[in-house]
Amino acid sequence: QAQLDESGGGLVQAGGSLRLSCTASGRSFSSRAMGWFRQAPGKEREFVAGINWSGGATYYVDSVKGRFTISRDNANNTMYLQMNSLKPEDTAAYYCNIVTSIYTGRPLLASWGQGTQVTVSS
């Protein structure tokens, strides 16, 4: 089955930037809406941003709006999350998934990747 792998996380100071990547193997997600999720310690997984199949429509939750940019490169079967002006509150493990709606962020695949850890120091 399709496997989604996240990368690009790391430790940064508040105000810094990171770019996360989500790559798919086995099956293409070029015709699918995609989304980024994050999970902080002790918290439920949270939908962060969504992007439609072509990249022409995007959605962001209020907490990241204006700071994060979601994009995709269907030719390379890759989705990105550019994170600028990072805050300690952004600290979490970040995951990607196919979504049924870029606005509600309902994940489609039951199997999640290992995620990539983002830690923002104050």
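Read on for a plain summary of the structure. Numbers given to residues run from 1 along each chain, matching the order in which its sequence is written. Whole-chain, interface and lining totals are the exception, using all residues; otherwise, since this is a predicted model, local features are given only for residues with pLDDT of at least 70 and side-chain atom pairs are given and counted only at 80 or more. Only heavy atoms go into the side-chain values, all of them from the structure, while hydrogens and water stay out.

## Some details on the environment of Leu20
Comment: elements are numbered from the N terminus, with helices defined as DSSP H or I runs of at least four residues and strands as E runs of at least two. Following the sequence through the fold, Leu20 ends up in strand E3 (residues 18–25). Residues Leu20 and Pro88, 68 residues apart in the sequence, show an inter-C-alpha distance of 17 Å. Sequence-distant contacts of Leu20, that is, excluding residues within four places in its chain, are made with Ser7, Gly8, Gly9, Trp36, Met79, Tyr80, Leu81, Met83, Tyr94, Thr116 and Val118. We call two residues contacting when some pair of their heavy atoms lies within 4.5 Å.

## Quick notes on the sheet that holds strand E1 (residues 3–7)
In spatial order, the strands read E1-E3-E8-E7; together these 4 strands make up an open sheet with antiparallel pairing. Of all the strands in the sheet, the pair left with one neighbour each is E1 and strand E7 (68–73). When the angles between neighbouring strand axes are averaged without regard to direction, this sheet yields 15°. DSSP calls a pair of strands paired once it identifies at least 2 bridges connecting them. Judged from the 6 bridges that link them, E3 and strand E8 (residues 78–83) form a sheet pairing that is antiparallel. Between the N-to-C directions of two axes lies an angle of 0 to 180 degrees, each axis being a line fitted to C-alpha atoms and, for a helix, fitted only over the stretch in contact.

## Some points on the sheet that holds strand E6 (residues 58–60)
Pairing between sheet strands relies on hydrogen bonds along the backbone, with the strands arranged either parallel or antiparallel. With mixed pairing, the 6 strands of this open sheet are ordered in space as E2-E10-E9-E4-E5-E6. Edge strands, defined here as strands with exactly one partner in the open sheet, are strand E2 (10–13) and E6. On average, each strand axis in the sheet is tilted by 25° relative to the strand beside it, whichever way the strands run. Examined bridge by bridge, strand E5 (residues 46–51) and E6 share 3 bridges and lie antiparallel to one another. Its bridge partner being in E6, Gly50 is matched across the sheet by Tyr59.

## Focus: the state of the cysteines
In what follows, a disulfide is any cysteine sulfur pair within 2.5 Å. Under the criterion given, the structure shown has 1 disulfide. Two residues, Cys22 and Cys96, share a disulfide whose sulfurs are 2.0 Å apart. Here the S-S torsion is close to 75°, and the disulfide linking Cys22 with Cys96 is therefore right-handed. With a gap of 74 residues between them, Cys22 in strand E3 and Cys96 in strand E9 (residues 92–98) connect regions that are remote in the sequence. For the pair formed by Cys22 and Cys96, the shared burial category is buried. Any residue under 20% of the maximum accessible area for its type is buried, any over 50% is exposed, and the rest in between are partly exposed; the area is computed with a 1.4 Å probe on protein chains only.

## A few points about the nonpolar core
In these notes, a set of buried Ala, Val, Leu, Ile, Met, Phe, Trp, Tyr and Cys residues joined through side-chain atoms within 4.5 Å is what counts as a nonpolar core. Within the largest apolar cluster, 32 residues are counted, with the highest numbers of intra-cluster contacts made by Trp36, Phe68, Met79, Leu81, Met83 and Tyr94. Listing elements by their share of this core, those giving two or more residues are E3, strand E4 (34–39), E5, E7, E8, E9 and strand E10 (116–121). In contact with Leu81, not counting residues within four places along its chain, are Leu18, Arg19, Leu20, Trp36, Ala49, Phe68, Thr69, Ile70 and Tyr94.

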